[in-house]
Amino acid sequence: MFIFRFIAYVVSLGAVLFVGAAGAAYVGYQYFASDLPDYSGLKTYAPPEMTRVHAADGSLLAEYATERRLFLPSAAIPALVKNAFISAEDKNFYQHNGIDPEGILRALVRAGIDYASGSRKRAQGASTITQQVAKNFLLTNEYAIERKIKEAILAMRIEQVLTKDQILELYLNQIYLGVHAYGVAAASLLYFDKSVHELTIAEAAYLAALPKGPENYHPVKNHERAIGRRNDIIQLMAQNGYITQDEADKAKQEPLVWVQRQSGPHIFGADYFAEEVRRELNERYGSRGLYEGGLSVRTTLDPRLQLIARRSLMKGLVDYDQEQGWRGPLAHLALTPGTDWGPKLAEVKTLSDVPEWRAAVVISVVDQEAIIGLQPMKTATGDVPTTRERGIVALDGVKWARWAEGPKKGVAIKSVSQVLQPGDVVYVEKTGQGVGERSTYRVRQVPEVSGAMVVMDPHTGRVLAVSGGFSFADSEFDRATQAYRQPGSSFKPFVYSAALDNGYTPSSIVIDGPIEIQPGPGQPIWRPENFSKKFYGPSTLRVGVEQSRNTMTVRLARDVGMPLVVEYAKRFGIYDDLKPYLPMALGAGETTVLRLTAAYATIADGGRRVNATFIDRIQDRYGKTIYKHDPRICQGCEATSWSGQDEPKLIDDREQVLDPMTAYQITSIMEGVVQRGTATVLRDIGRPVAGKTGTSNDEKDAWFMSFTPDLVVGVFMGYDKPRTLGGQGTGGHLAAPIARDFYLEALKGQPPVPFRVPPGIKLVAVSHATGLKASPGDTDTIMEAFKPGTAPPDNFEISDYDQGEFAKARKVTPEQEKELQPGGLY
């Protein structure tokens, strides 16, 4: 009887304990489950995603993100990548319901072994991929029992509402994998510079090694450890049947190479363009939209033209700066014989976006050459290589470097030692001559003067290239879009356009002579002058633009009225609030290179409004177009099939801000600026170009605005803190040659295209000097453009001038003729 009572007691006690345990478990479950975070939002997962910006040809320009992530749906993730992560993190992923008893038992056994051996290692985790999703999305990384219990409960609940593929999709897009990469798509790019679809077995296995601790398996800092962990995962993939043992053995032999992906603009020389796009996106969508919105942006950038624009502007800035003289070395190092100069030189900060130049230290100097040591390039881990490169600077490489200041100012350079001393750190550029340690270099210096160039499609306003200065690394200030400067005479075509739109013709006569303007009570009388300080008598509108006559422009502006000039300036988008004062007719207001380039594009496109844009189209993370620049309506494009209807038509309903015939007249006149006026440096490029030079007072700003039928180029040069560019610091002397260099390279191999003559324009032969209809035997004749109802005069009368006086006024001395050459006028 006793034995039965004992058994009954044990059974009863067991039942009580079971019920108690079950009750405790239930109470505990309710306790931990009562305040669990809501997991329903996982169904509409929209993580912070990287915004990617592309050039017009589709090449990657830039990426912006707080978390560098590219979202991939489960169907787009290769099985190889999925299998690598499952093998590494959760081999029973497709069998368990959120928690893996086998994994838990394995972790407990491992913990027991570690405890028995006295190991203090952190216990091996048993978290499934589902549990990691619960932790990463809904909980913290706190290492505590309470968090683990909540994690397990959430994992089981998540398994009830999401499929395995959905859970794996969340995991593979959310997980942090080091080097600022979130998710497998971004990690594939940042570690191997390739798509996930291009990954090898070894590369996929390496990515799968990273969730345990990216820094622990860094491909450079912990290279051997990374390979070991990678190979373990490769073997697991073979054991789980995802790859064969032969494939595993071959994959283990593959080297681990980190192909570093640059973090800045991916198209060389496009830093200013990329930054302008970044600013616009930030303005449109805010910081969160830019850095987390996953936008896909197609820009207007033409990478080929961008390189040419950068090269042309840099050459112009360097050429001018060298004419001003040598200002001395970047730095000076104290060299001790027998010591390594490499580490010290490696610490000298240089311009990262001017790879044509390298910093070098002068090791020794003799009369006709200097031995230099080139700056070593640090490795990915910041180490300085032990190898050293040397070269020479010969006399030809420093002949330009007359000192700009000091007792040796302006002295001709006859020996290298006049410029360089041992220990001097200078920029050098390879000349292409010599080999090895006898490779020759020329000395360079970063220009003090700045400038900008904008290249635009006149038919759409698409900015094809922009360079906002010599070096973005040196200064992020964009002189093309942010600097407001006086355009000088490059504003004059808009004054003359207003006149041509209101009764004047290219042959109309305006007096080029002294004029006095009374600004108002208490103000000194203003007496505008031409650049040459001389006056040339009655002249045609054409000659007034070609030779950039100031007094003619002031008279013309006074005649048509400054309110009308102000209206035209606003209509073209040059100024928002130009004051109606006569000096403004000479470009005394301030505008940007971008705005003035868009205004010239309006003329080039026949007077239709042109709005500048850096962006063609923006799509959201789901591929929906949320912005496009082209506003034209495509009539008939909605048809799904062809049934004999007319072909679709693009309807261009842009505002006509200038009469098309006026636009052609001022274009023809500006062609004369290149052929006979202040920009003849472009005369030999072998194609029609229209343009206008511009120089502000005291030569502080030099401009050249120009266009062909299908390309507009705006160039500016000036100091950031305005000061004179010198007596030859004019638009024709400084800015026009930059545009010339650009056109020659950009349009090389393309046939010349004439400017399009609009319907209604009549081309009539006239005397260039007088604007009168050409007579038989005239040698100085041109074809002038006239609107219907207008024609060149057979004769003319001017107040206070008879024809003889006019002819006399038109004659100039040889000295005056010289002043009409490039660089001698505005």
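Refer to the preceding data block for the structure.
Residues numbered from 1 in each chain as written. Predicted model: local features only at pLDDT ≥ 70, side-chain atom pairs only at ≥ 80, totals over all residues. Heavy atoms only, no water.

Focus on the side chain of Ser 439
Now for step 1: Within the secondary structure, Ser 439 is located in the loop between strand S10 (424-430) and strand S11 (440-444).
Now for step 2: Of the polar contacts made by the side chain of Ser 439, one reaches the backbone oxygen of Gly 436; its length is 2.9 Å.
Now for step 3: For Ser 439, the residues in contact, after removing those within four places along its chain, are Gly 391, Ile 392, Lys 430, Gln 433 and Gly 434. (Helix = DSSP H or I, 4+ residues; strand = E, 2+ residues; numbered from the N terminus. Polar contact = N/O pair within 3.5 Å; in protein donor to acceptor, adjacent residues only side chain to side chain. Contact = heavy atoms within 4.5 Å.)

A few points about a nonpolar patch on the surface
Now for step 1: On the surface, a cluster of nonpolar side chains totalling about 250 Å² of accessible area is made up of Val 757, Leu 763 and Met 783.
Now for step 2: The residue Val 757 is located in the loop between helix H20 (731-746) and strand S23 (762-767) in this model. (Patch = residues over 30% accessible without salt bridge, like charges linked within 9 Å, V, L, I, M, F, W, Y side chains within 5 Å. Areas by Shrake-Rupley, 256 points an atom, 1.4 Å probe, with all protein chains shown as cover. Salt bridge = Lys/Arg side-chain N within 4 Å of Asp/Glu carboxyl O.)

Observations concerning the pairing of S10
Now for step 1: Most of S10 sits out of view: 6 of its 7 residues are buried.
Now for step 2: Strand direction decides the pairing type here: strand S6 (residues 331-332) and S10, joined by 2 bridges, are antiparallel. Of the residues in S10, the one forming a bridge with Ala 331 is Val 425.
Now for step 3: Bridge count between strand S7 (residues 357-365) and S10: 5 bridges; the pairing is antiparallel. From the neighbouring strand, Arg 358 faces S10, where its bridge partner is Val 428.
Now for step 4: Note that S10 and S11 share 4 bridges and pair antiparallel. Bridging across to S11, Lys 430 finds its partner in Tyr 441. (Buried < 20%, exposed > 50% of the residue type's maximum accessible area, 1.4 Å probe, protein only. Pairing = 2+ DSSP bridges.)

Things to note about the state of the cysteines
Now for step 1: Taken as a whole and judged by the stated rule, the model has 1 disulfide.
Now for step 2: Linked covalently through their sulfurs, Cys 634 and Cys 637 form a disulfide whose S-S length is 1.5 Å. (Disulfide = S-S within 2.5 Å.)

Here we look at the sheet that holds strand S2 (residues 60-64)
In a beta sheet, neighbouring strands are held together by backbone hydrogen bonds and run either parallel or antiparallel to one another.
Now for step 1: Read from one edge of the open sheet, 5 strands run S2-S1-S5-S16-S17, paired in mixed fashion. A strand with exactly one partner marks an edge of an open sheet, and here the two such strands are S2 and strand S17 (625-628). The sheet shows a mean angle of 15° between the axes of neighbouring strands, direction not considered.
Now for step 2: Examined bridge by bridge, strand S1 (residues 51-54) and S2 share 4 bridges and lie antiparallel to one another. Paired with His 54 across the strands is Leu 60, a residue of S2.
Now for step 3: On top of the sheet, helix H11 (residues 271-292) reaches S1, S2, strand S5 (296-299), strand S16 (615-619) and S17; it is set at about 35° to S2, its chief contact. (Axes fitted to C-alpha atoms, helices over the stretch in contact; angles between N-to-C directions.)

Structural notes on the sheet that holds strand S22 (residues 711-718)
Now for step 1: The antiparallel open sheet is built from 5 strands, whose spatial order is S13-S12-S22-S21-S20. Pairing within the sheet leaves two strands with one partner each, and these edge strands are strand S13 (463-467) and strand S20 (690-695). Taking each pair of neighbouring strands and ignoring which way they run, the sheet shows an average axis angle of 5°.
Now for step 2: In the sheet, strand S12 (residues 450-456) pairs with S13 via 4 bridges, with the strands oriented antiparallel. By the bridge assignment, Val 455 is partnered in S13 with Ala 465.
Now for step 3: Across the sheet, helix H12 (residues 303-324) is in contact with S12, S13 and S22; its angle to S12 comes to roughly 155°.

Thoughts on the environment of Val 365
Now for step 1: Relative to the elements of secondary structure, Val 365 occurs in strand S7.
Now for step 2: Under the relative-accessibility criterion, Val 365 is labelled partly exposed at 24%.
Now for step 3: If near-sequence neighbours (up to four positions away) are discounted, Val 365 is found in contact with Ala 370, Val 416, Ser 417, Leu 420, Gln 421 and Pro 422.

A short note on the nonpolar core
Now for step 1: Residues Val 455 and Phe 742 are the most contacted members of the largest nonpolar core, which totals 125 residues.
Now for step 2: Considering each element in turn, this core owes the most residues, 9 residues, to helix H18 (residues 593-604).
Now for step 3: Beyond its immediate sequence surroundings of up to four residues, Phe 742 is in contact with Leu 305, Ile 308, Ala 309, Ser 312, Met 453, Val 455, Leu 711 and Val 713.
Now for step 4: One finds Phe 85, Ile 175, Ala 204 and Ile 227 within the second-largest nonpolar core, a separate group that totals 58 residues. (Core = buried A, V, L, I, M, F, W, Y, C linked by side-chain atoms within 4.5 Å.)

Some remarks on the pattern of salt bridges
One side chain can pair with another of opposite charge once the charged atoms of both are near each other.
Now for step 1: Taken as a whole, this structure holds 47 salt bridges when the rule is applied.
Now for step 2: Between Arg 609 and Glu 655 there is a salt bridge, and its shortest N-O distance comes to 2.8 Å. Highlighted residues: Arg 609 in the loop between H18 and S16 and Glu 655 in the loop between strand S19 (649-651) and helix H19 (660-676), separated in sequence by 46 residues.
Now for step 3: A residue is classified by how much of its surface remains accessible, and Glu 655, at 43% relative accessible area, is partly exposed.
Now for step 4: One salt-bridge network, in which partners are shared between bridges, spans Lys 315, Asp 319, Asp 684, Arg 740 and Asp 741.

Concerning the packing of aromatic side chains
Now for step 1: Taken as a whole and assessed by the stated rule, the structure comprises 26 aromatic pairs.
Now for step 2: Across the ring face of Trp 341, the terminal group of Arg 388 is positioned such that the distance to the ring centre comes to 5.9 Å.
Now for step 3: The lysine or arginine in question, Arg 571, covers the ring of Tyr 568, its NZ or CZ lying 4.3 Å from the ring centre. (Phe/Tyr/Trp six-rings, centres within 6.5 Å; stacked < 30°, edge-to-face > 60°. Lys NZ or Arg CZ within 6 Å of the ring centre and 35° of its normal.)

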